[in-house]
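Residue strings, one per chain:
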Amino acid sequence: METTQQAAQQAEQQAEQQRSARQRRRQLLEAADRVVLRDGPHASMNAIAAEAGITKPILYRHFGDKGGLYRALAKRHTDALLDALRTALDAPADRRRRVEATLDTYLAAIEARPQVYRFLMHPAEDTPLPEQGFDVGRHSAPLLRRLGEELAKVIEERVDLGPDSGPLARVWGHGIVGMMHAAGDWWLGERPCSREQLVSSLADLLWGRLAAVGDREGGPGF
């Protein structure tokens, strides 16, 4: 009986430690977000540790290295973006309006938090030694690939692309993400037109093929 109670107590202690670790990790990511919003691609491990009120070794203990922290931040923001994109895709509107809403959701996200976008996608080239910036190039490509794969899943389940639907959906998914990323990056830097104009122009570019295909039978529709 005593052994059973001890085991239960140990299990509860472990569960409490895991909850505490998750909460602490979330707090550290929130501190990192504040620094990124302030400093963009110039955000450093030193600044993040100071914002969190800890030493840099403790920050490394939670995330392993700069890459670990970058991946955690990228997942945090990519998850939020994907949720917003899914909401746009599920909006009660015709297909053209949902295409425009999806494009606008992406562009609105990078417009609202440009420093976060620049941190995730652009290295700080003039960061002085010894505090080097995050190795953005190593990690931003997987982030874009994840967006491409997620969009491919949505396309395959909603649109009838014929017998080669799987590979073709991946072509479309990665192609659309690449287009949004490249056009959005250019637009955010130069602001040559309004967001509404860019959305309309990109939707025009996509619309010919999207307008021609039917919904997948039994799928949620698009």
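Residues numbered from 1 in each chain as written. Predicted model: local features only at pLDDT ≥ 70, side-chain atom pairs only at ≥ 80, totals over all residues. Heavy atoms only, no water.

Enquirer: What exactly am I supposed to notice about the overall build of the protein chain here?
Expert: Of the regular secondary structure elements, the protein chain holds nine helices and zero strands. Long-range contacts, defined as pairs at least 24 residues apart, comprise 68% of the intrachain contacts of the protein chain with a sequence gap of at least 6. Total accessible area on the protein chain is roughly 12300 Å²; 51% of this is exposed by carbon and sulfur atoms. (Helix = DSSP H or I, 4+ residues; strand = E, 2+ residues; numbered from the N terminus. Contact = heavy atoms within 4.5 Å. Areas by Shrake-Rupley, 256 points an atom, 1.4 Å probe, with all protein chains shown as cover.)

Enquirer: Would you mind going over the pattern of salt bridges with me for this structure?
Expert: Once the charged atoms of two side chains with opposite charge are near each other, the side chains can pair. As enumerated under the stated definition, the model contains 17 salt bridges in all. A salt bridge links R86 to D83; its shortest N-O distance comes to 3.3 Å. You can see R86 and its partner D83 sitting in helix α4 (residues 66-89), three residues apart, about one turn around the helix. E100 is the partner of R96 in a salt bridge, and the nearest nitrogen-oxygen pair spans 2.9 Å. Taken together, the residues span about one helical turn, with R96 and E100 both in helix α5 (residues 95-112) at a distance of four residues. Through salt bridges with shared partners, a single network forms among R34, R38, D39 and E51. (Salt bridge = Lys/Arg side-chain N within 4 Å of Asp/Glu carboxyl O.)

Enquirer: For this particular structure, what's the right way to read the packing of aromatic side chains?
Expert: Both the distance between ring centres and the angle between the ring planes are used here to describe each pair of aromatic rings. Under the criterion given, the structure shown has one aromatic pair. On the basis of an interplanar angle of 40° and a centroid distance of 5.7 Å, the ring pair of Y70 and F119 is categorised as tilted. Here F119 lies in helix α6 (residues 114-121) and Y70 lies in helix α4, a separation of 49 residues in the sequence. The exposure class assigned to Y70 is buried, which follows from its relative accessible area of 1%. (Phe/Tyr/Trp six-rings, centres within 6.5 Å; stacked < 30°, edge-to-face > 60°. Buried < 20%, exposed > 50% of the residue type's maximum accessible area, 1.4 Å probe, protein only.)

Enquirer: I tried to follow the environment of H42 on my own but got confused; where do I start?
Expert: The residue H42 is located in the loop between α1 (2-39) and α2 (45-52) in this model. Overall, H42 belongs to the partly exposed group, its relative accessible area being 40%. As for H42 and Q115, which are separated by 73 residues in sequence, their C-alpha atoms are 9.5 Å apart.

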